[in-house]
Amino acid sequence: MNIMDELAWRGAVNQQTDEQGLYDYVENHDITLYCGVDPTGDSLHIGHLIPFMVLKRFQLAGHHPVIVIGGLTGSIGDPSGKSEERQLQSMEQVQHNAEKLTAMMNKLFIDRDQTGDFQIVNNYDWTHQLTLIDFLRDYGKLFNVNTMLNKDIVASRLEVGISYTEFTYQILQAMDFLHLYQEKNVRLQIGGADQWGNITGGLELIRKVEGPDAKAFGMTIPLLLKSDGTKFGKTAGGAVWLDPEKTSPYEFYQFWINQQDSDVIRYLKYFTFFSKEEIEALAKKVETEPEKRTAQKALATEMTLFVHGEEGLKDAQTITDALFSGEIKALNAKQIEQGFGKMPGETISQEQKDIVSWLVEYGVDKSKRQAREDVNNGAIYLNGERVTDLDYQVGAKDAIDGRYIVVRRGKKKYFLMTVED
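This structure is a prediction, so every number in the text was calculated from the model and none was measured.

A.B. asks: Describe in detail the sheet that holds strand β11 (residues 385–386), supporting the description with residues and values.
C.D. replies: An order of β8-β14-β13-β10-β11 is seen for the five strands of this open sheet, with the pairing classed as mixed. The open sheet is flanked by β8 (347–348) and β11, the only strands paired with a single partner. Sheet topology note: the strand β13 (residues 404–409)/strand β14 (residues 413–419) ladder contains six bridges and is antiparallel. Note on β14: the bridge partner recorded for Val407 is Phe415. Against the sheet, helix α16 (residues 333–340) touches β13 and β14, its axis set at about 40° to β13.

See below:
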C-alpha cells in the first residue's frame, strides 16, 4: 500500500502542496522527509507527538525520516496565535532542552524496534556561524515582505504587533528546508496545521535557489480535536507530557484509558500502528461491548508501551489493577509515588498513635467524633485494608517499603502519608 493511502485512511492528512506529485513520488521512491521541533521546553506533550507519529509511519514503511531539533529557531521563537511575544530563553536553557528532546526522540524512533533509517540534526549546527551580511544577501533578498505579511500566523499579529525577531522565523525555517534538501536529499517537510505558511516558505526558497522544477513537497497534519470540539491533550492537571517526571506512566496510561467511545477509534488511527483490520475489530467492540472498554485498553497499552517501554507499561497496569482490586500492598514505593503522588497528604512521624487521633492529626478527618464514626462504619482503609478497631495503633510499621501509607476514606477519597526520615 502507498503510505499516502494509509495516512488518508487514518485521517492524518490536512493540506498538501502537490497531492498527486507526492503520491507518485513515494510510489516510486524511498523519500527522505523531516519534521522539526523547537526546544522551547524540556519535554514534548502528546499534542506535539502527532506529526512525529506520521514520521514514524514513514520510517516503518521503509522511508528515511530526519528530525530537526531547533537549536537556532528555538532561541528565536516561532510566532504563535497569541498576541504576546514569546519570552526568550538563555542559550544554556535552549541547549539543555535540545539535549532532553534529542534523548526523547532517540527513545521513540530507535530504542523500541531498531527499524529503518533515522537521523536527528540540530539547525544550530549549520546556522550559528552565518553573519548578518550573509543572511541578508543570501536569504533576505529572496523573500518578499508582502508575501511574508500575508502568512496567517503573521497577519493575525499585525494589529497588536510582532517583533522583527519573530517575523524572521519563517526565513530561518525555510533555510532549514533548503539546507536539508541540498545536504540530505530531503524532499518532504511535514508539520502541524499551523506550520503551513512556514512549509510553503521553504518550498518557495528551494525553487528560487534550485530552480522551478525542484522536487520538494509539503504536508500538514490536521489539528486534533475531541468529539466535543475541545482541544486534544489537555487534562484538569494540564498537558500530558512524555517525560515520566512530568506525567508518570500511570497517569499517561490513565489518560488514554479514560477516552470517550466517540473519540477512541480516531485516536487508535492517529496514534497506534494497529492495522485497519485490527482497528475495525476494536470499533466493533465499542459498538457491541462498550462496557468492557476493550478499545481504550488497547490504546492505553500501545501508547504507554511506545512512549515508556515495557517497564513503564508494567508499572501503569500494576497500579491500575491494584487500585481496582484494593490490593495496595502489592505495590512498591515507586509505584505508590506514581499512583498517589498527587493526592493530598502529610509527612508523618514514625511514632505510633491510635487511629482516631492519627486521622485527625493528619487531616483525614476534621474531628475525633467524625474519625470514630468513619472507623466504626468501615470507611477507613490503610494500604487497601479496612480498619475497624478504634484502638488500632498506626505508625511506621504500616508503611509500604517503610515509606508510604495510603489512606482511603469512603469510596474515592485518598491521602498519601509519607513517613519522615
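Next comes the rest of the account.
A.B. asks: How would you summarise a nonpolar patch on the surface if you had to cite specific residues and measurements?
C.D. replies: Together, Leu132, Leu136 and Tyr164 make up a nonpolar patch on the protein surface, roughly 350 Å² of accessible area in all. Mapping Tyr164 onto the fold places it in helix α9 (residues 164–167). When its relative accessible area of 55% is taken as the criterion, Tyr164 is described as exposed.

A.B. asks: Can you explain unusual backbone geometry? Please cite residues and give values.
C.D. replies: The backbone of Arg293 shows a phi angle near 50°, a positive value even though the residue is not glycine. Assignment of secondary structure puts Arg293 in the loop between α14 (276–288) and α15 (294–325).

A.B. asks: Summarise helix α2 (residues 19–28); cite the residues concerned and give the values.
C.D. replies: For α2, every residue scored as buried is listed here: Gly21, Leu22, Tyr25 and Val26. The arc that holds the buried residues of α2, viewed along the axis, is 120°, so those residues lie on one side. What points out from α2, more than 90 degrees from its buried face, is the exposed set Glu19, Gln20 and Asn28. Looking at the buried positions of α2, the neighbouring elements they touch are α1 (3–9), α3 (46–60), β4 (186–192) and β5 (217–221).

A.B. asks: Give a detailed account of the packing of α15 against α16, specifying residues and quantitative values.
C.D. replies: Their axes nearest at 10 Å, the elements α15 and α16 cross at an angle of 70°. Taken together, α15 and α16 sit at an angle that is classed as roughly perpendicular. On α16, the residues that touch Glu311, Asp315, Thr318, Ile319 and Leu323 of α15 are Lys334, Gln335, Gln338, Gly339 and Phe340. Taken together, the residues of the contact of α15 with α16 sort by class into three nonpolar, four polar and three charged.

A.B. asks: I'd like to hear about the nonpolar core, residue by residue, with values.
C.D. replies: Among the nonpolar cores identified, the biggest contains 64 residues, and Phe58, Trp256 and Phe271 are the most heavily contacted of them. Counting residues per element, this core draws most heavily on α15, which supplies 10 residues. In contact with Phe58, other than residues within four places in its own chain, are Ile3, Met4, Leu7, Val26, Ile31, Leu33, His63 and Leu188.

A.B. asks: How would you summarise the environment of Gln15 if you had to cite specific residues and measurements?
C.D. replies: Within the secondary structure, Gln15 sits in the loop between α1 and α2. What makes Gln15 partly exposed here is its relative accessible area of 28%. Separated by 15 residues in the primary sequence, Gln15 and Asp30 place their C-alpha atoms 21 Å from one another. Ignoring any residue separated from it by four or fewer positions in sequence, one finds Gln15 in contact with Ala193, Trp196, Gly218, Met219 and Thr220.

A.B. asks: Could you give an account of the pattern of salt bridges, with specific residues and numbers?
C.D. replies: According to the stated counting rule, one finds 14 salt bridges in the structure shown. A salt bridge links Glu6 to Arg10, with the shortest nitrogen-to-oxygen separation between them at 2.9 Å. Taking the shortest distance from any N to any O, the salt bridge between Glu289 and Lys292 comes out at 3.3 Å. You can call Glu289 partly exposed: its relative accessible area is 22%.

A.B. asks: Lay out the environment of Leu158 with the relevant residues and their values.
C.D. replies: For Leu158, the position within the fold is in the loop between α8 (152–155) and α9. For Leu158, a relative accessible area of 43% translates into the label partly exposed. Separated by 234 residues in sequence, Leu158 and Tyr392 place their C-alpha atoms 68 Å apart.

A.B. asks: Go over the sheet that holds strand β3 (residues 119–122), please, and point to the residues and values.
C.D. replies: Taken together, five strands build an open sheet; the order of strands is β3-β2-β1-β4-β5 and the sheet is parallel. Each of the sheet's edge strands pairs with one partner strand only, and the pair in question is β3 and β5. If you compare each strand with its neighbour and ignore which way they point, the axes differ by 25° on average. With respect to the sheet, α3 is in contact with β1 (32–37), β2 (64–69), β4 and β5, its orientation differing from that of β1 by roughly 160°. Along the sheet, helix α10 (residues 169–184) makes contact with β1, β2, β3, β4 and β5, crossing β4 at roughly 145°.

About the cut-offs
Residues numbered from 1 in each chain as written. Predicted model: local features only at pLDDT ≥ 70, side-chain atom pairs only at ≥ 80, totals over all residues. Heavy atoms only, no water. Pairing = 2+ DSSP bridges. Helix = DSSP H or I, 4+ residues; strand = E, 2+ residues; numbered from the N terminus. Contact = heavy atoms within 4.5 Å. Axes fitted to C-alpha atoms, helices over the stretch in contact; angles between N-to-C directions. Patch = residues over 30% accessible without salt bridge, like charges linked within 9 Å, V, L, I, M, F, W, Y side chains within 5 Å. Areas by Shrake-Rupley, 256 points an atom, 1.4 Å probe, with all protein chains shown as cover. Salt bridge = Lys/Arg side-chain N within 4 Å of Asp/Glu carboxyl O. Buried < 20%, exposed > 50% of the residue type's maximum accessible area, 1.4 Å probe, protein only. Arc of directions from axis to C-beta. Parallel < 35°, antiparallel > 145°, perpendicular 65-115°, else oblique. Nonpolar A, V, L, I, M, F, W, Y, C, P; charged D, E, K, R; others polar. Core = buried A, V, L, I, M, F, W, Y, C linked by side-chain atoms within 4.5 Å.

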